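# Per-entry structural report
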Amino acid sequence: MQRLEIPAGTPYGELEVIREVSSSGKRRFLCRCSCGTEVPVRLNHLRSGHTASCGKCGVEWKGGRITLTELARKYKIKPSTLRARLKVMGLAEALERGRVR
């Protein structure tokens, strides 16, 4: 199988590839998130969309940024449930469905 080459500057969601980093086992790439954080990410996670951001910058919410974990806690939803909902619907709908009445 031919080795896939990923050039620097290739965007994957909020991440941009900087360079490949050495690791044992799976191929990893050093990526820069739109918030400026640099994070190593496995190639298969980049290509599948499993990892699309650094995970620390969160989402734009009410004029600021908040992590999904903090947002889920605020709305009494499990973080994994909120992430799954965001893959198929917008943030407002995902939060509204999760509210405890």
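Everything that follows concerns the structure shown earlier in this document.
Described below are features of the structure shown in this document. Quick caveat, the model's predicted, so the values are computed rather than measured.

### Describing the nonpolar core
Within soluble globular proteins, side chains that are nonpolar tend to cluster in buried spots. Ranked by internal contacts, the top residues of the largest apolar core, which has 13 residues, are Ile6, Leu15, Val17, Phe29, Cys31, Val41 and Leu46. Mapped onto this core, the elements with two or more residues apiece are strand S2 (15-21), strand S3 (28-33), strand S4 (38-42) and helix H1 (43-48). No other element matches the three residues that S3 contributes to this core. If we ignore the near neighbours within four places in the chain, the residues touching leucine 15 are Thr10, Cys31, Arg32, Cys33, Val39, Val41, Leu46, Thr51, Ala52, Ser53 and Cys54.

### Topic: the sheet that holds S2
Sheet strands pair by backbone hydrogen bonding; their relative direction is either parallel or antiparallel. What the four strands build is an open sheet, ordered S1-S2-S3-S4; its pairing is antiparallel. Strands with a single pairing partner mark the edges of an open sheet, and in this sheet they are strand S1 (11-12) and S4. Looking at chain direction, S3 and S4 are connected through five bridges and run antiparallel. Looking across to S4, one finds that phenylalanine 29 is bridged to valine 41.

Conventions used here
Per-chain numbering applies: the sequence of each chain, read as written, is numbered from 1 onward. Owing to the predicted nature of the model, reporting of local features is limited to residues with pLDDT of at least 70; listing and counting of side-chain atom pairs is limited to 80 or more, with chain, interface and lining totals taken over all residues. Here the side-chain values reflect all heavy atoms present in the structure, with hydrogen atoms and water set aside. For this analysis, a nonpolar core means a set of buried residues of the types Ala, Val, Leu, Ile, Met, Phe, Trp, Tyr and Cys, connected via side-chain atoms within 4.5 Å. Using a 1.4 Å probe on the protein chains alone, a residue whose accessible area is under 20% of its type maximum counts as buried, one over 50% counts as exposed, and one in between counts as partly exposed. We count a stretch as a helix when DSSP gives it H or I for four or more residues in a row; a strand needs E for two or more, and each element gets its number in order from the N terminus. Here, residues are in contact when the closest pair of their heavy atoms is within 4.5 Å. Strands were regarded as paired on the criterion that DSSP finds at least two bridges between them.

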